[in-house]
Protein chains: 2
Amino acid sequence: MNFKGKRQPVTIPRAAKTLRRTRIQEEKEEQILEAALDVFSASGFRGSTIDQIAEVAGMSKPNLLYYFRTKEAMHRALIDRVLYTWLEPLRAFDAEGNPEAEIRSYIRRKLEMARDFPRESRLFANEVLQGAPHIEDELKGPLKELVDEKAEVIRAWAKAGKIVKCDPYHLIFSIWSTTQHYADFDVQVRAVLGQEHSGEGRFEDAARFLEQLFIGGLRPDPLGG
Amino acid sequence: MNFKGKRQPVTIPRAAKTLRRTRIQEEKEEQILEAALDVFSASGFRGSTIDQIAEVAGMSKPNLLYYFRTKEAMHRALIDRVLYTWLEPLRAFDAEGNPEAEIRSYIRRKLEMARDFPRESRLFANEVLQGAPHIEDELKGPLKELVDEKAEVIRAWAKAGKIVKCDPYHLIFSIWSTTQHYADFDVQVRAVLGQEHSGEGRFEDAARFLEQLFIGGLRPDPLGG
DNA sequence: GGATAATTTGACCGATTGGTAAACATTACA
DNA sequence: TGTAATGTTTACCAATCGGTCAAATTATCC
């Protein structure tokens, strides 16, 4: 029952992390995950190599593998760290609030995330696009539950006549897709808009358009029908 | 000026293709591109291997490389073949038509493509997501020109009060993103909708919602302003 | 300061990568 | 039917892949 000849990296027994966690560990793991975000978000899991991440992180490959035993472990740690934050805007969606204001601020928040955290957006986009082999459970579990909950809120709003009757799931999908588009398909957006309109102002233009679209499209039918 | 010792694959001198094009060539290139679409759309360029494509195509790797000299050449041929078809719906967008009907049918066509050609959608999504290293020219050239043209049509409609005043580029982006979402993020859509609603009927639900959203959101302001 | 644990590295491993060389098999065509 | 062009395969290449190992270095703590 000993481990002589092969010391376990400190990060492996996760439970022990809070007990013995070096300053160096925190710094290096941070460095690595930052580099991993760069690489994974740009090339997907299969298209990324440990050597690339090591180079971006500025350390040797075996050193990376001292902190994360496998490429998969690095990817998993990255997903875990980013996923919670990523769902924050949807979680903030408030049943008690004013529907129009809630939808407006949800769009705005998602658009801000697309602008400020495009790598995180692309990390998930790459993953989902390639069949979500590593996050299937998260999609079918926590994500579905959260969406189910918020969909119920939207359905209640529609029932109360506060917004038009519509499918709440597809409404959420459409907000996701339109906002994340500006992160995931950034190069295409820039190419089409051309140099003159691909500055940071495009996010304001997008926000204006999307609010117009969704607020207009969801305004309740005056006949109540 | 001879090539002894290394016969040139027939496909290399593209100009000569029309002159001497074997039945076998057509069949095999078809087979290869079909397999390449499978693999590239699922893993992106970097994440795909020639061996994978060879296996799917049911032929040996050197045999693939007889028809396409490099992995890049295969990818390029695939992009070239698919791109034209992919832009067909936007090209069909008619300035003379009724704005509401044109937008409605554009959404429907794009949604049909997401349903019927999800691999093609993912091929481009992978490519753009990873920085569009192989199709930058196509984006900045033909794509931008086509979008510019159609944006002008939409702008004219808005000016004439036929639809609400809005940014035509972001309108096009939002139609792209919402429709392609059902191909590119299919696994996520299925996971969130659950088994009961992830049948083919989801495309009808999506169409209904998106038409509602866009038609409602673009209906001209009755005050005209 | 010395022992001990934590960290880092260069050298290396077998498997896989994109791609080649050349022998071999098949087809088209006179 | 012969033969030249076309098509296919086996064996192979150097480079890169994810990952290991043991030795060397550095930080920590008494």
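Definitions and limits used
- Residues numbered from 1 in each chain as written.
- Chains lettered and ligands numbered in written order.
- Predicted model: local features only at pLDDT ≥ 70, side-chain atom pairs only at ≥ 80, totals over all residues.
- Heavy atoms only, no water.
- Helix = DSSP H or I, 4+ residues; strand = E, 2+ residues; numbered from the N terminus.
- Buried < 20%, exposed > 50% of the residue type's maximum accessible area, 1.4 Å probe, protein only.
- Contact = heavy atoms within 4.5 Å.
- Buried area = accessible area lost by both parts, 1.4 Å probe.
- Salt bridge = Lys/Arg side-chain N within 4 Å of Asp/Glu carboxyl O.
- Polar contact = N/O pair within 3.5 Å; in protein donor to acceptor, adjacent residues only side chain to side chain.
- Nonpolar A, V, L, I, M, F, W, Y, C, P; charged D, E, K, R; others polar.
- Core = buried A, V, L, I, M, F, W, Y, C linked by side-chain atoms within 4.5 Å.
- Least-squares fit on C-alpha atoms with pLDDT ≥ 70 in both.
- UniProt positions renumbered as here; feature names shortened; annotations may be inferred.
- Axes fitted to C-alpha atoms, helices over the stretch in contact; angles between N-to-C directions.
- Parallel < 35°, antiparallel > 145°, perpendicular 65-115°, else oblique.
- Phe/Tyr/Trp six-rings, centres within 6.5 Å; stacked < 30°, edge-to-face > 60°.
- Expected span 1.5 Å × (residues − 1).

The name given to chain A in an unreviewed UniProt entry is HTH-type transcriptional regulator RutR, and the organism recorded there is Rhizobium leguminosarum.

Q: Please give an account of the environment of Glu204 of chain A that cites residues and values.
A: All names here are of chain A. Inspection of the secondary structure assignment puts Glu204 in helix 11 (residues 201–218). Taking the relative accessible area as the measure of exposure, Glu204 reaches 39% and is therefore partly exposed. Residues Glu204 and Glu145, 59 residues apart in the sequence, show an inter-C-alpha distance of 31 Å.

Q: Let's hear about the interface of chain A and chain B: which residues, and what values?
A: Taken together, the 53 residues of chain A in the interface contact 53 residues of chain B. It is Leu129, His170 and Val192 of chain A that lose the most area in chain A upon contact with chain B, and together they represent 16% of the buried surface on that side. Across the chain A-chain B interface, the total number found is 0 salt bridges. Where chain A touches chain B, the interface holds 12 residue pairs in polar contact (both at pLDDT 80 or more). For the side of chain A that touches chain B, the secondary-structure elements that each account for two or more residues are helix 1 (23–47), helix 7 (118–129), helix 8 (136–159), helix 9 (168–184), helix 10 (186–197) and helix 11 of chain A. Looking at the side of chain A that touches chain B residue by residue, the class counts come to 26 nonpolar, 17 polar and 10 charged.

Q: Describe the nonpolar core, with residues and values.
A: Ranked by size, the top nonpolar core spans 142 residues in total, and within it Leu64, Trp176 and Phe214 of chain A together with Leu64, Trp176 and Phe214 of chain B carry the most contacts. Discounting residues that sit within four places of it in the chain, Trp176 of chain B has contacts with Gln188 and Val192 of chain A together with Leu90, Tyr106, Lys110, Leu143 and Val147 of chain B.

Q: Account for the relation of the copies chain A and chain B, with residues named and values stated.
A: Structural alignment of chain A on chain B gives an RMSD of 0.0 Å, achieved by rotating through 180 degrees and translating 0.0 Å along the axis. What we have between these two chains is a two-fold relation. Take the interface residues of chain A: 100% of them recur as interface residues in chain B, which is what a same-surface contact looks like.

Q: So what's going on with the UniProt feature "domain: HTH tetR-type" (unreviewed entry) in chain A? Which residues, and what values?
A: UniProt marks residues 26–86 of chain A with the feature "domain: HTH tetR-type" (unreviewed entry), using the numbering shown here. Secondary structure content for residues 26–86 of chain A is 87% helix and 0% strand, while the C-alpha to C-alpha distance between its ends is 22 Å.

Q: Describe in detail the pattern of salt bridges, supporting the description with residues and values.
A: One side chain can pair with another of opposite charge once the charged atoms of both are near each other. Going through the model one piece at a time under the given rule, you end up with 40 salt bridges over all chains. Across the pair Arg190 of chain A and Asp186 of chain A runs a salt bridge whose closest N-O atoms are separated by 2.9 Å. Taken as a pair, Arg190 of chain A and Asp186 of chain A lie in helix 10 at a separation of 4 residues, close to a single helical turn. When its relative accessible area of 34% is taken as the criterion, Arg190 of chain A is described as partly exposed. The closest approach of N and O atoms between Arg91 of chain B and Glu88 of chain B, which form a salt bridge, is 2.7 Å. Placement of the pair is Arg91 of chain B and Glu88 of chain B together in helix 6 (residues 88–92), with a separation of 3 residues, close to one helical turn.

Q: Tell me about unusual backbone geometry, and name the residues and values.
A: Notably, Ala132 of chain A is not glycine yet its phi reads approximately 50 degrees, a positive angle. Within the element layout of this structure, Ala132 of chain A appears in the loop between helix 7 and helix 8.

Q: Any details on the packing of helix 2 (residues 23–47) of chain B against helix 5 (residues 71–86) of chain B? Residues and values, ideally.
A: Residues and elements named next belong to chain B. One can describe the packing of helix 2 onto helix 5 by two numbers: an axis separation of 10 Å at closest approach and a directional angle of 100 degrees. As far as their axial angle goes, helix 5 and helix 2 are roughly perpendicular. Along its contact with helix 2, which presents Glu30, Ile32, Leu33, Ala36, Leu37, Phe40, Phe45 and Arg46, the element helix 5 presents Lys71, Glu72, Met74, His75, Ala77, Leu78 and Arg81. Of the residues belonging to the contact of helix 2 with helix 5, the class tally is 9 nonpolar, 1 polar and 5 charged.

Q: Give me the side chain of Ser121 of chain A: which residues, what numbers.
A: All names here are of chain A. Secondary-structure assignment places Ser121 in helix 7. According to the relative accessible area criterion, Ser121 is buried, its value standing at 1%. Not counting chain neighbours up to four residues away, the residues in contact with Ser121 comprise Trp86, Gln180, Ala183 and Asp184.

Q: An account of the packing of aromatic side chains is requested, with residue identities and associated values reported.
A: Residues and elements named next belong to chain A. One pass over the structure, following the stated rule, counts 16 aromatic pairs over all chains. Here the aromatic rings of Trp86 and Phe124 are separated by 6.1 Å at their centres, their planes lie at 35 degrees, and the arrangement is tilted. Linking Trp86 in helix 4 (residues 71–86) with Phe124 in helix 7, this pair joins segments that are 38 residues apart in sequence. Taken individually, Trp86 and Phe124 each receive the classification buried, so the pair is uniform in this respect. Here Phe173 and Trp176 contribute two aromatic rings whose centre-to-centre distance is 5.8 Å and whose plane-to-plane angle is 50 degrees, an arrangement assigned as tilted.

Q: Requested: an account of the UniProt feature "DNA-binding region" (unreviewed entry) in chain A, with residues and values cited.
A: Residues annotated in UniProt with the feature "DNA-binding region" (unreviewed entry) correspond here to residues 49–68 of chain A. Secondary structure within residues 49–68 of chain A divides into 75% helix and 0% strand; the distance between the first and last C-alpha atoms comes to 14 Å.

Q: Outline helix 5 of chain B, supporting the account with residue identities and numerical values.
A: A rise of 1.5 Å per residue sets the reference length of helix 5 of chain B, with its 16 residues, at 22 Å; its end C-alpha atoms lie 22 Å apart and thus fit the reference within 8%. Restricting attention to buried positions, one finds in helix 5 of chain B the residues Met74, His75, Ala77, Leu78, Ile79, Val82 and Trp86 of chain B.

Q: If you had to explain the packing of helix 9 of chain A against helix 10 of chain A to someone new, which residues and values would you point to?
A: All names here are of chain A. Running from N to C, helix 9 and helix 10 cross one another at 85 degrees; their axes reach a closest spacing of 5 Å. Taken together, the axes of helix 9 and helix 10 lie roughly perpendicular to each other. Contacts from His181, Tyr182, Ala183 and Asp184 of helix 9 reach helix 10 at Asp186, Gln188 and Val189. Each residue belonging to the contact of helix 9 with helix 10 can be placed in one class, and the counts come to 3 nonpolar, 2 polar and 2 charged.

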